[in-house]
Amino acid sequence: MLDKIRISGGASLNGDIVVAGAKNAALKLMVASLLTEKPLVLENVPYLADVDALEHVLDELGVETARDRDGAMTLSAATIRSTTASYDLVRKMRASVLVFGPLLARCGKARVSLPGGCAIGTRPVDLHIKGFEQMGAMIDLDDGYMVGVAPDGLKGATIRFPYVSVGATEHLMMAATLADGETVLENAAREPEIADLAQCLNAMGAQVSGAGSTTIRVQGVDRLDGTRHRVLPDRIETGTYAMAAALTDGELNLIGGQGGDLDAVVQTLTACGADIAVSNRGMTVKRANGELKAGDITTAPHPGFPTDLQAQFMALMATADGTSHIAETIFENRFMHVPELARMGADITVNGGTAVVRGVEQLTGAPVMATDLRASVSLVLAGLAADGETTINRVYHLDRGYECLVEKLSACGAQIDRVAA
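Values in this document were obtained by computation on a predicted structure and should not be read as measured data.

(A) Representation of the environment of A150 in the model. Residue placement: A150 occurs in the loop between strand 9 (145–149) and strand 10 (158–160). By relative accessible area, which is 3% here, A150 ends up buried. Taking the C-alpha atoms as reference points, A150 and M138, 12 residues apart in sequence, are found 6.5 Å from one another.

See the structure below:
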């Protein structure tokens, strides 16, 4: 937990990186196992701390999980042993709160701890609660827990989100599969992970249409079956390594990376001087020629520029030619990496929700502190391009979202290792 990552910067990254399964898809797919008594088999589930944390939550509820030799995970919720998810487990990983809806839909009751604070800002669950109330559930907040009952089952409803929420869209979509009647989710989130979840649910016997658009329709069914489903590749990992290739003036083949899920990122990086070729095998990324050019982004729900790649893009722009403007519209505290990048010589000014990045000729290695998952990897990128040695503390954040980060980068020429604190 207290390990550090040490990087000697300056090496170009060249070679192949196999993109892992998407964390943000795998977690929700694991939760979907609660909707059926039959086994759900998930291929390409990444080996991450967040996955382990959710396994503990599901185990508390009665879900049996196992991995085979090929890494496929089998989840069996034949018997729900408990409908309570405790604070001690939920606090470790926010997505655990999504067990509430499936428990409510299948068992008619649920008691799940509110997830608590988050380093990158508040992520309220009010949209989730209001949606379930529209579906006929009675919900109270009791001593830090969401307590819900639906003794007659959930009922289909038309729910319009006042703003786009990935978590609320996924949560209500899962629960609606077992509701009585049709549920319509308007102003729904459009992320690829939502379409992936819907594909799995439909393979289990659900009737979900419109996932990936702003209107999702779910016709409830009496029961769901098991299925086998492969988790889609992680677009955030793909984008992260694409920026690493451009930043270090190397060339990386990102095996499995899907450019179609990253249109806004591909367009932005291309405008900044990257050469990106997309094929059936994945993506190949290098610099087109010469220096990187400054660029402007505004984070937005899909298909906009992902907030989960904002910190990495800032590290990329730190040495680009010109001045970049980075506007963060999703999370209010997502510039905590700025002081750490400044310790490495980056010239960044923050004004409210916008950061102005004036490219410098060279970053310099320094001891820095990780504050959250994406901020952590932005410091890794900066360290790869910096002159001298960078030591990144509190790297347990990285274990939450990047599988074998040190090994993947080292295999492509990075001078990077993990050391005990």
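(B) Representation of the pairing of strand 13 (residues 215–219) within the structure. The side-chain alternation of strand 13 yields one buried face, formed by I216 and V218, and one unburied face, formed by T215, R217 and Q219. Across 5 bridges, strand 11 (residues 182–186) lies against strand 13 in antiparallel orientation. Counterpart to L185 in the pairing with strand 13 is I216. As judged from the 3 bridges shared by strand 12 (residues 207–209) and strand 13, these two strands associate in the antiparallel manner. When the bridges of strand 13 are listed, S209 appears paired with R217. Counted along the chain from strand 12 to the antiparallel partner strand 13, the turn is 5 residues long, and its residue G210 has a positive phi close to 90 degrees.

(C) Region of the structure containing helix 8 (residues 235–247). In this model helix 8 runs 18 Å from its N-terminal to its C-terminal C-alpha over 13 residues, within 8% of the 18 Å that 1.5 Å per residue would give. Capping of helix 8 at its N-terminal end is provided by D234; its side-chain oxygen lies 2.9 Å from the backbone amide nitrogen of I236. Immediately downstream of helix 8, the backbone of D249 shows phi near 55 degrees, a positive value.

(D) Quick look at the packing of helix 10 (residues 310–317) against helix 12 (residues 373–385). Here helix 10 crosses helix 12 at 20 degrees, and the two axes come no closer than 8 Å. In this view, helix 10 runs roughly parallel relative to helix 12, as classed from their interaxial angle. The two elements helix 10 and helix 12 meet at a crossing, and its hand is right-handed. Here helix 10 contributes A311, Q312 and A315 to the contact with helix 12, which in turn contributes R374, A375, V377, S378, L381 and A382. Considered class by class, the residues forming the contact of helix 10 with helix 12 number 6 nonpolar, 2 polar and 1 charged.

(E) Here's a closer look at the sheet that holds strand 24 (residues 415–419). Here 4 strands make up an open sheet; going across it, the order is 22-23-1-24 and the pairing mixed. Across the chains shown, the open sheet's two edge strands, defined by having one partner strand only, are strand 22 (367–369) and strand 24. With strand direction ignored, the average angle separating the axes of adjacent strands in the sheet is 20 degrees. Sheet topology places strand 1 (residues 4–8) next to strand 24; 5 bridges connect them, and they run antiparallel. Across the sheet, the residue bridging to I7 is I416, located in strand 24.

(F) Inspection of helix 6 (residues 166–176) at higher detail. Counting buried positions along helix 6 yields 9 of 11 residues, so the element is predominantly enclosed. Three or more residues of helix 6 are buried, namely A168, T169, E170, H171, L172, M173, M174, A175 and A176. With a side-chain oxygen positioned 3.1 Å from the backbone nitrogen of A168, the residue opening helix 6 is S165.

Definitions and cut-offs
Residues numbered from 1 in each chain as written. Predicted model: local features only at pLDDT ≥ 70, side-chain atom pairs only at ≥ 80, totals over all residues. Heavy atoms only, no water. Helix = DSSP H or I, 4+ residues; strand = E, 2+ residues; numbered from the N terminus. Buried < 20%, exposed > 50% of the residue type's maximum accessible area, 1.4 Å probe, protein only. Pairing = 2+ DSSP bridges. Expected span 1.5 Å × (residues − 1). Polar contact = N/O pair within 3.5 Å; in protein donor to acceptor, adjacent residues only side chain to side chain. Axes fitted to C-alpha atoms, helices over the stretch in contact; angles between N-to-C directions. Parallel < 35°, antiparallel > 145°, perpendicular 65-115°, else oblique. Left-handed = near helix turned anticlockwise from the far one by under 90°. Contact = heavy atoms within 4.5 Å. Nonpolar A, V, L, I, M, F, W, Y, C, P; charged D, E, K, R; others polar.

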